[in-house]
Amino acid sequence: MDVLINVFVALHIIGIAALLGGFLTQMKAMGEGTARFTPAMLHGALTMLVTGVALVGLNQADDQAVNNLKVGIKLAVLVVVLALVYVKRDEQTVGKGAFAAVGGLTLANIFIATLWT
């Protein structure tokens, strides 16, 4: 079971890398007002959602403690990110506020995952 959990952790990290990487590559464009949400950002957020839900299920099936408050907050933040990226995915440019919100919420999710023990 540990190997399977570690595979899903790796896939979860790949998802966050796609989402954050897409944001970071568009930061210069955000300053110019031409930033847009890339397909990698949408796929990264979806990967995080699917693997995160799988990780909760696998950890509970393995009788490991799961902090439901932490998971719930992370899920809520991810749903907001996913909604913003999904709704604005076809627009040629995205406003600075929405784009910065996705970046800030993504970073918040990373810090919640790593610092909340």
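This section reports on the structure supplied with the text. Every value quoted in this text rests on a predicted model; they were computed, and no experiment measured them.

1. Here's the deal with the overall build of the protein
Along the backbone of the protein there are five helices and zero strands. In the protein, the order of α-helices and β-strands from amino to carboxyl end is α-α-α-α-α. Principal axes of the C-alpha set define a box for the protein whose edges measure 50 × 25 × 20 Å. Looking at the protein residue by residue over its 117 residues, the buried ones come to 33%. Considering only contacts in the protein between residues 6 or more positions apart, those separated by 24 or more positions represent 81%. Of the roughly 6,600 Å² of accessible surface on the protein, 70% is carried by carbon and sulfur atoms.

2. Thoughts on the packing of helix α1 (residues 2–25) against helix α3 (residues 39–61)
Orientation of α1 relative to α3, taken along the N-to-C sense of each, is 155°, at an axis distance of 8 Å. Compared by their axis directions, α1 and α3 come out roughly antiparallel. Judged by the sense of rotation from one axis to the other, the crossing of α1 with α3 is left-handed. Residues L4, I5, F8, V9, L11, H12, G15, I16, A18, L19, G22 and F23 of α1 touch α3, and the partners they reach there are A40, M41, G44, A45, T47, M48, T51, G52, A54, L55, L58 and N59. The residue makeup of the contact of α1 with α3, split by class, is 16 nonpolar, eight polar and no charged.

3. Details of helix α5 (residues 96–115)
With 20 residues, α5 should reach 28 Å at 1.5 Å per residue; the first-to-last C-alpha distance of 28 Å fits that figure. Within the span of α5, buried status applies to A98, F99, V102, G103, T106, N109 and I112. Of the surrounding elements, those touching the buried residues of α5 are α1, α2 (27–32), α3 and α4 (68–87).

4. A short note on the packing of aromatic side chains
This structure, assessed with the given rule, holds two aromatic pairs. Taken together, a centroid distance of 5.1 Å and an interplanar angle of 25° make the contact between F23 and F99 stacked. On the criterion of sequence distance, the pair formed by F23 in helix α1 and F99 in helix α5 is long-range, its members being 76 residues apart. Under the relative-accessibility criterion, F23 is labelled buried at 8%.

5. Comments concerning the nonpolar core
With 20 residues, the main nonpolar core has L19, F37, M41, V85, F99 and V102 as its most contacted residues. Sequence-distant contacts of V102, that is, excluding residues within four places in its chain, are made with L19, F37, M41, V81, L84 and V85.

6. Points about the side chain of N109
With respect to the helices and strands, the residue N109 is situated in helix α5. At a separation of 3.4 Å, a polar atom in the side chain of N109 contacts the side chain of K74. If sequence neighbours within four positions are ignored, N109 has contacts with M48, K74, V77 and L78.

7. Some words on unusual backbone geometry
At D63, a position not held by glycine, the phi torsion is positive, near 60°. Here D63 shows up in the loop between α3 and α4. Here D63 falls in the exposed class, since its relative accessible area comes to 73%.

Criteria and cut-off values
Residues numbered from 1 in each chain as written. Predicted model: local features only at pLDDT ≥ 70, side-chain atom pairs only at ≥ 80, totals over all residues. Heavy atoms only, no water. Helix = DSSP H or I, 4+ residues; strand = E, 2+ residues; numbered from the N terminus. Buried < 20%, exposed > 50% of the residue type's maximum accessible area, 1.4 Å probe, protein only. Contact = heavy atoms within 4.5 Å. Areas by Shrake-Rupley, 256 points an atom, 1.4 Å probe, with all protein chains shown as cover. Axes fitted to C-alpha atoms, helices over the stretch in contact; angles between N-to-C directions. Parallel < 35°, antiparallel > 145°, perpendicular 65-115°, else oblique. Left-handed = near helix turned anticlockwise from the far one by under 90°. Nonpolar A, V, L, I, M, F, W, Y, C, P; charged D, E, K, R; others polar. Expected span 1.5 Å × (residues − 1). Phe/Tyr/Trp six-rings, centres within 6.5 Å; stacked < 30°, edge-to-face > 60°. Core = buried A, V, L, I, M, F, W, Y, C linked by side-chain atoms within 4.5 Å. Polar contact = N/O pair within 3.5 Å; in protein donor to acceptor, adjacent residues only side chain to side chain.

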